[in-house]
Amino acid sequence: MGREFLDLFEEWSKSYDDTVGGHDIEYQEVFKHYDRILDSVTNRAHGHVLEFGVGTGNLTERLLKKGLKVTGIEPSPAMREIAIGKLGNVTHIADGDFMDFPEPESVDSIVSTYAFHHLTDEEKEKAIASYGKLLNTGGKIVFADTMYQSKEAHEKAISDAKQAGFHNLANDLQTEYYTTIPFLESVLEEHGYSVNFERCNQFVWIMEAEKL
Ligand SMILES: C[S@@+](CC[C@H](N)C(=O)[O-])C[C@H]1O[C@@H](n2cnc3c(N)ncnc32)[C@H](O)[C@@H]1O
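Small disclaimer: the values here were computed from a predicted structure and weren't measured. (Residues numbered from 1 in each chain as written. Predicted model: local features only at pLDDT ≥ 70, side-chain atom pairs only at ≥ 80, totals over all residues. Heavy atoms only, no water.)

Right, let's talk about unusual backbone geometry for a bit. Its identity as a non-glycine residue notwithstanding, histidine 33 has a phi of 65°, on the positive side. By the secondary structure assignment, histidine 33 is in the loop between helix H2 (16–20) and helix H3 (34–44). Despite not being glycine, tyrosine 114 has its phi angle at roughly 60°, a positive value. For tyrosine 114, the location among the structural elements is in the loop between strand E4 (107–113) and helix H6 (121–131). (Helix = DSSP H or I, 4+ residues; strand = E, 2+ residues; numbered from the N terminus.)

Moving on, we come to the site of the ligand. In the vicinity of the ligand, 20 residues are found, and the nearest of them are Tyr16, Tyr34, Gly53, Glu74 and Thr113. Between the ligand and tyrosine 16 there is a distance of 2.7 Å, counted from an oxygen atom to a side-chain nitrogen or oxygen. Here phenylalanine 98 contributes a backbone N or O atom positioned 3.2 Å from a nitrogen atom of the ligand. Of the residues that constitute the shell around the ligand, the class distribution is 12 nonpolar, six polar and two charged. (Near = heavy atom within 4 Å. Polar contact = N/O pair within 3.5 Å; in protein donor to acceptor, adjacent residues only side chain to side chain. Nonpolar A, V, L, I, M, F, W, Y, C, P; charged D, E, K, R; others polar.)

To continue, consider the pattern of salt bridges. Enumeration according to the criterion identifies 13 salt bridges in this entry. Between arginine 44 and glutamate 198 there is a salt bridge; the shortest N-O distance is 2.6 Å. Within this pair, whereas arginine 44 is found in helix H3, its partner glutamate 198 is found in strand E7 (residues 193–199), the two being separated by 154 residues in sequence. Taking the relative accessible area as the measure of exposure, arginine 44 reaches 13% and is therefore buried. In this structure glutamate 198 comes out as partly exposed when scored by relative accessible area, which is 38%. A salt bridge links arginine 44 to glutamate 208; the nearest nitrogen and oxygen atoms lie 2.9 Å apart. Of this pair, arginine 44 sits in helix H3 while glutamate 208 sits in strand E8 (residues 204–211), and the two are 164 residues apart along the sequence. For glutamate 208, a relative accessible area of 14% translates into the label buried. Residues joined in a network through salt bridges with shared partners are Arg3, Arg80, Asp95 and Asp97. (Salt bridge = Lys/Arg side-chain N within 4 Å of Asp/Glu carboxyl O. Buried < 20%, exposed > 50% of the residue type's maximum accessible area, 1.4 Å probe, protein only.)

What follows is the structure in structure tokens.
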């Protein structure tokens, strides 16, 4: 579910690693400190890791280097092909998405970078509710993504992008489902997690939730 943006990723897959390297001026700030963000998510993960929206495998690569067992989930065939080309057969990357995926038996950490905004808020809540069954006490959800401290901050980001002439970015901020920190905080607390947020750049925050 939440697969309505997949055509975009089929096309973007070949140049995606150039974009995260800062080659697209509109997205430079979104991907500022990309390596540091992936390292930070990796440092917070432990045990058997379930990763959603693997993309070209950049986070997966770091998790594997840390010696963690990773089960990857990625709905775009083109992205999966690039990730498998990069990683070889050291880990399994399955077709699936945040809500519909082959469930591993036990999971210690659920991680994702730059992907959770493909779900509507209603879908985000359903996904978070379902992860409770997979994680043991002390298990974690660690997601890095664009999110906002308030709806007003989201609106301001859209108008700033328009003013800078970044029309692709403005369109993206208006059409995908960027949420607010207070929304995620309340959903996670309701489902029995303690949660904290750390800002990484003007767009991206890391959300770290621990199952109580
Ligand atoms: C911006 S890329 C991020 C890739 C990688 N995680 C990274 O940090 O570089 C977003 C990825 O999420 C995937 N995606 C899109 N919709 C998804 C969904 N509903 N569930 C899981 N992944 C999804 C896309 O195919 C794409 O590979």
